[in-house]
Amino acid sequence: MTTGFIQQHKRSRHCGAFRDEHVGQQATVYGWVQSYRDHGGVIFVDLRDRTGIVQLRFEPSHGNGTAHAIADKLRTEWVIGARGEVISRGTNINPKIPTGAVEILVDEVTVLNEAKTPPFEIKDEIDTNETTRLTYRYLDLRRPKLSANLALRSRVNQLTRRYFCEDHDFLELETPILAKSTPEGARDYLVPSRVHPGEFYALPQSPQQFKQLFMMSGMDRYMQICRCFRDEDLRADRQPEFTQLDLELSFVDVDEIRTLLDGYVSLIWKAVKGTTVPTPIPSITYQEAMDKYGIDRPDLRFGLPLSDLTEKLAGRATFRVFTDAFERGGIVKALAIPDGSSLTRKDLDKTLPAEAAPFGARGVAWARIAEDGAWSGPVAKGLDDALKTELLAHMEVGPGALILFVADKASVVNASLARLRQVVGDRLGLIDPEMDAFCWVVDFPMFEYDEGAGRWFAMHHPFTSPMDSDVGMLDSDPGKVRAKAYDLVLNGIELGGGSIRIHRSDVQDRVFALLGLDEAERRDKFGFFIDALSFGTPPHGGIALGMDRLMMLLCGADSLRDVIAFPKTQRASDLMTESPSEVSPAQLEELHVRTVVPTPDA
RNA sequence: GGAGUGGUAGUUCAGUCGGUUAGAACGCCGGCCUGUCAAGCCGGAGGCCGCGGGUUCAAGUCCCGUCCACUCCGCCA
C-alpha cells in the first residue's frame with residue numbers, strides 16, 4: 001500500500017464521467033471497489049465514487065500481468081487507484097449505467113486501503129434497518145441515492161444564494177447560535193454559561209428577532225441558510241436541528257414577498273426537476289382550507305372537498321351519532337366520494353376508522369348510494385327522503401357515491417376527515433405522483449384561544465402584524481383579527497411560512513398586552529426589541545422555508561433522514577457518535593450544573 | 001406523556017399447536033470458470049433468537065418488565 005501512485009498520477013476524471021468520447025485516452029481513476037467478477041482469466045472490477053461507476057478490465061496477459069495479479073486479491077470497498085486506456089466496449093455495452101459504453105483496460109493498479117466487509121451492502125436496493133444504517137452513516141452515505149441527495153442539496157444551496165444575493169440584492173448575514181431563551185414557542189435547547197453561574201443560553205428556534213433587528217439596522221434584505229433547534233418530539237418530517245432558508249425584507253407588503261418566493265420555487269423546480277411551476281402560485285384562505293379540506297395545509301393534487309352538513313342535519317337527522325354530537329355543540333362534516341365502489345366493507349368498518357381514530361374520531365359513519373338511488377349503511381335510516389335528496393345536491397354527488405361522515409367537535413371532525421381524504425385520495429389513485437401542487441395559505445387568524453391556559457396565543461408569533469382592516473378589533477374581538485401571515489404549502493406539506501411584522505411599538509404593545517405579557521415580562525424578554533422598535537423601524541416582513549423538507553420533496557424521499565447528512569433518531573440521539581452522552585463531573589462543576597436523574601424503582 | 005409496529009446468521013426475512021440438531025436468500029470465505037455487469041457453478045464458515053424475570057418436563061414461540069428503532073397522536077409561537 002503506497003501513496004506514491006497518487007503523487008505520480010492525478011485523477012483524470014470521476015468514475016461516473018467516462019463516455020464514448022474518451023475512448024483512446026489514458027486515464028487515472030480512484031474509488032471504491034463496488035464489485036469484482038473473476039472469470040478465471042479476465043477480471044472485471046466496478047469502481048465507484050460519488051459520481052457513479054466505471055468498469056475496470058484486467059487481462060492476465062496484459063503488460064507483465066502484475067495488475068491482474070493485484071486485481072485477483074481485490075475485495076469490495078477496498079480503495080484503489082488504477083491507470084490505463086479507455087476503450088470501447090463495442091457491442092458489449094451495459095445500458096444500465098451512463099459509463100456503460102466504455103471500460104478501462106488497466107495497466108497499473110494500486111491498493112490505497114483495504115476494507116473490512118461492511119455491515120450492509122453499499123447499493124440502493126437494500127432495505128437495511130435504519131438502526132444499522134445510522135450507526136454506520138458514513139457507509140450509508142456511500143450509497144448512490146443518498147450521496148446524490150447531498151449533492152443535489154449542495155446545488156440547491158448555490159442556486160438559492162445566487163437567486164437572492166446576486167439577483168435580488170439580499171445580504172447573506174449570520175446570527176448567533178448562542179442566544180436568549182424566549183418565553184413562547186417550542187422548548188429550547190439550553191446551554192449553561194460557565195462565566196455566569198446559573199444562567200443559560202438557548203439555541204435559536206429561529207433567528208426571528210435577529211432578522212428583524214437587521215431590518216432595523218438598515219440591512220434592507222437579509223438571507224441566511226441557517227440551523228434552527230427545537231427540543232420537541234420528532235417525526236419523519238421533523239428533526240431537532242433543521243435548516244431554514246431565512247429571509248427578511250424592508251419596505252414590502254405581502255404581495256412582493258409572495259412574488260419573490262414564487263420566482264424562487266419556480267427557479268429551483270425548473271433547475272432540479274425540469275418542471276414549470278405555474279405562477280403566481282394560487283392562494284387559499286385559512287378559512288376556506290379548513291372548510292374544504294379540514295386542514296391548513298391542503299393537498300391540492302386532487303379534489304374530494306369536505307362538506308359541512310351541520311346546518312342541514314341539525315334538528316332533522318335522527319341518527320344517534322349526529323344528535324349526540326349536536327347536543328355537545330359539535331358539528332358534522334362529510335367526505336363525498338363520487339365513485340366509492342372500490343372501497344370495501346372492511347375499509348369502512350376497519351381501515352378508515354383506524355385512520356381516523358388517532359385524531360379522536362370515535363367512528364366513521366357512512367352511506368352508500370346505489371345505482372337506483374337507494375341509500376344503505378348506518379346513516380341511511382336516520383334521514384328522510386327529502387333530506388337525502390338535499391344532501392346529495394349539496395355535496396354534488398349521486399348514484400354510486402360513498403359518503404363518509406364524522407360527527408364530533410370541530411377540531412376532531414376536521415382533523416380526521418382531512419386524514420380520510422388523504423387516505424381515500426391515495427387509495428383511489430387520485431394523486432398524480434408527478435404533480436406538484438403549490439399553494440399559499442393566507443389570512444390566518446392572529447390569535448387562537450387556549451381553553452386550558454385561559455388566554456390568547458399568537459398563532460404565528462407575537463411580532464406578526466394584524467391586517468390593517470382588522471386592527472380595530474384587537475381589543476374588542478381578538479378572535480376575528482386576521483394576520484398578515486402566509487404559509488407556502490406543497491402537496492399537503494408545509495414548506496414554510498412568514499408574515500409582515502409589526503413595526504410600530506404601540507401596536508406591538510397592544511399585542512403583548514393581549515397575550516397576557518405584563519410590563520415586567522415584556523421588559524425582561526423583549527426589552528431590547530421594544531426599544532429597537534422605537535428608533536425608526538421600517539415596515540418589513542419575511543418568511544422561512546424548511547430546507548430539509550424542500551429537499552425531501554425534491555428528492556422524492558419519505559424521511560428527512562434521507563436528505564440530512566447526519567440525522568438523529570426519533571429520540572434525538574446520534575447512533576454513530578452515541579450522542580448525547582454523560583460528561584465528566586469536572587465539566588459539570590465548571591458549568592455550575594448538577595444533574596438530577598430519576599432512578600428507576602428497584 | 002400516549003397508541004401502534006418491529007427486534008432470530010453480516011443483511012433481509014421464515015420459523016406451524018410450546019417439542020429432535022433454529023432454516024432460506026443475499027453477503028462473506030475457499031475452489032473452478034476469458035465478456036461479465038444482480039455474473040455463473042461447486043463447497044464451507046457463520047446464531048446471547050434485543051435484554052431481564054416468570055410459567056412449564058420443555059420457551060425463538062406463552063406471560064410480565066425493560067431497552068432500542070420506526071410510524072402516528074399530543075407537542076412543534
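For clarity, every value in this text was computed on a predicted model and none was experimentally measured. (Residues numbered from 1 in each chain as written. Chains lettered and ligands numbered in written order. Predicted model: local features only at pLDDT ≥ 70, side-chain atom pairs only at ≥ 80, totals over all residues. Heavy atoms only, no water.)

**Observations concerning the overall build of chain A**
Of the regular secondary structure elements, chain A holds 18 helices and 22 strands. By its C-alpha atoms, chain A is 95 × 75 × 65 Å across when sized along the principal axes. Counting all 602 residues of chain A, 48% fall into the buried class. The contacts of chain A with a sequence gap of at least 6 include a subset with a gap of at least 24, amounting to 68%. Accessible surface for chain A amounts to roughly 30000 Å². Of this, 50% is attributable to carbon and sulfur atoms. Looking at chain A, you have 70 positive and 88 negative side-chain charges, and the mean spots of the two groups are 3 Å apart. (Helix = DSSP H or I, 4+ residues; strand = E, 2+ residues; numbered from the N terminus. Buried < 20%, exposed > 50% of the residue type's maximum accessible area, 1.4 Å probe, protein only. Contact = heavy atoms within 4.5 Å. Areas by Shrake-Rupley, 256 points an atom, 1.4 Å probe, with all protein chains shown as cover. Lys, Arg positive; Asp, Glu negative; His and termini not counted. Charge placed at Lys NZ, Arg CZ, Asp CG, Glu CD.)

**A short note on the state of the cysteines**
Counting across every chain of the model gives zero disulfides. Cys 226 forms no disulfide, and the closest cysteine sulfur to it belongs to Cys 228, at a distance of 4.1 Å. For Cys 226, a relative accessible area of 5% corresponds to the buried category. Among the residues examined, Cys 228 registers a relative accessible area of 0% and is labelled buried. (Disulfide = S-S within 2.5 Å.)

**Comments concerning the packing of aromatic side chains**
For the coordinates displayed, the defined rule picks out 19 aromatic pairs. Ring centres of Tyr 286 and Phe 444 lie 5.3 Å apart, and the angle between their planes is 40°; on these two criteria the pair is classed as tilted. Placement of the pair is Tyr 286 in helix 8 (residues 286-293) and Phe 444 in the loop between strand 17 (438-442) and strand 18 (447-450), with a sequence separation of 158 residues. Where Phe 512 meets Phe 526, the ring centres are 4.9 Å apart and the plane angle is 10°; that geometry is what we call stacked. Placement of the pair is Phe 512 in helix 15 (residues 505-514) and Phe 526 in helix 16 (residues 519-533), with a sequence separation of 14 residues. A relative accessible area of 0% means that Phe 512 is categorised as buried. Note on Phe 526: relative accessible area 3%, which makes it buried. Through pairs of rings, three or more aromatic residues link up here, namely Phe 463, Phe 512, Phe 526, Phe 528 and Phe 529. For the cation-ring pair, Arg 13 lies above Phe 18, with the distance from its terminal atom to the ring centre recorded as 5.7 Å. The ring of Phe 302 carries the charged tip of Arg 421 above its face, separated from the ring centre by 4.0 Å. (Phe/Tyr/Trp six-rings, centres within 6.5 Å; stacked < 30°, edge-to-face > 60°. Lys NZ or Arg CZ within 6 Å of the ring centre and 35° of its normal.)

**Considering the packing of helix 11 (residues 345-356) against helix 13 (residues 410-427)**
Running from N to C, helix 11 and helix 13 point in directions that differ by 125°, and their axes come no closer than 8 Å. One finds that helix 11 runs oblique with respect to helix 13. In this structure, the crossing between helix 11 and helix 13 has a hand that is right-handed. Note on element contacts: helix 13 touches helix 11 through Ser 416, Arg 419, Leu 420, Val 423, Val 424 and Arg 427, opposite Asp 347, Leu 352, Glu 355 and Ala 356. Its residues assigned to classes, the contact of helix 11 with helix 13 comprises five nonpolar, one polar and four charged. (Axes fitted to C-alpha atoms, helices over the stretch in contact; angles between N-to-C directions. Parallel < 35°, antiparallel > 145°, perpendicular 65-115°, else oblique. Left-handed = near helix turned anticlockwise from the far one by under 90°. Nonpolar A, V, L, I, M, F, W, Y, C, P; charged D, E, K, R; others polar.)

**Some details on the side chain of Asn 149**
Within the secondary structure, Asn 149 is located in helix 5 (residues 144-166). From its side chain, Asn 149 meets the backbone oxygen of Asp 562 in a polar contact 2.9 Å long. Those residues in contact with Asn 149, other than ones at most four positions away along the chain, are Met 551, Cys 555, Asp 562 and Val 563. (Polar contact = N/O pair within 3.5 Å; in protein donor to acceptor, adjacent residues only side chain to side chain.)

**As for the layout of surface pockets**
What the second largest pocket holds in volume is close to 510 Å³. Around the second largest pocket, the lining comprises 15 residues; the ones closest to its centre are Tyr 189, Leu 190, Ala 572, Ser 579 and Pro 580. Per-class residue counts for the lining of the second largest pocket are eight nonpolar, three polar and four charged. (1 Å grid on protein atoms, 1.4 Å probe; cavity = no way out; pocket = protein on both sides within 12 Å on 5 of 7 lines; lining within 4 Å. Points joined across faces, edges and corners; volume = space filled by probe spheres on them.)

**Some words on the packing of helix 7 (residues 254-273) against helix 17 (residues 547-555)**
Viewed as axis vectors pointing N to C, helix 7 and helix 17 meet at an angle of 40°, and their least axial separation amounts to 11 Å. For the element pair helix 7 / helix 17, the angle class is oblique. Crossing geometry of helix 7 relative to helix 17 is assigned as right-handed. Contacts between helix 7 and helix 17 involve Tyr 264, Ile 268, Trp 269, Val 272 and Lys 273 from the former and Met 547, Leu 550 and Leu 554 from the latter. Considering only residue class, the contact of helix 7 with helix 17 consists of seven nonpolar, no polar and one charged.

**Section: the domain arrangement of chain A**
Under the domain assignment used here, chain A contains domain 1 (2-113) and domain 2 (302-431). One C-alpha centre belongs to domain 1, the other to domain 2; they are set 63 Å apart. (Domains from an automatic or database assignment.)

**Overview of the protein's contact with RNA strand B**
RNA strand B sits among 50 residues. The nearest are His 39, Arg 57, Pro 119, Asn 129 and His 460. Among the atoms of RNA strand B lying within 4 Å of the protein, the sugar-phosphate backbone contributes 53%. At a separation of 2.6 Å, a base nitrogen of RNA strand B approaches a polar side-chain atom of Arg 89. Interatomic distance of 2.7 Å between a backbone N/O atom of Gln 570 and a phosphate oxygen of RNA strand B. Those elements giving two or more residues to the surface near RNA strand B turn out to be strand 1 (26-38), strand 2 (43-49) and strand 3 (52-58). Element by element, the count of residues in the surface near RNA strand B is highest for strand 1, at three residues. Of the residues contributing to the surface near RNA strand B, the split by class is 13 nonpolar, 19 polar and 18 charged. (Near = heavy atom within 4 Å.)

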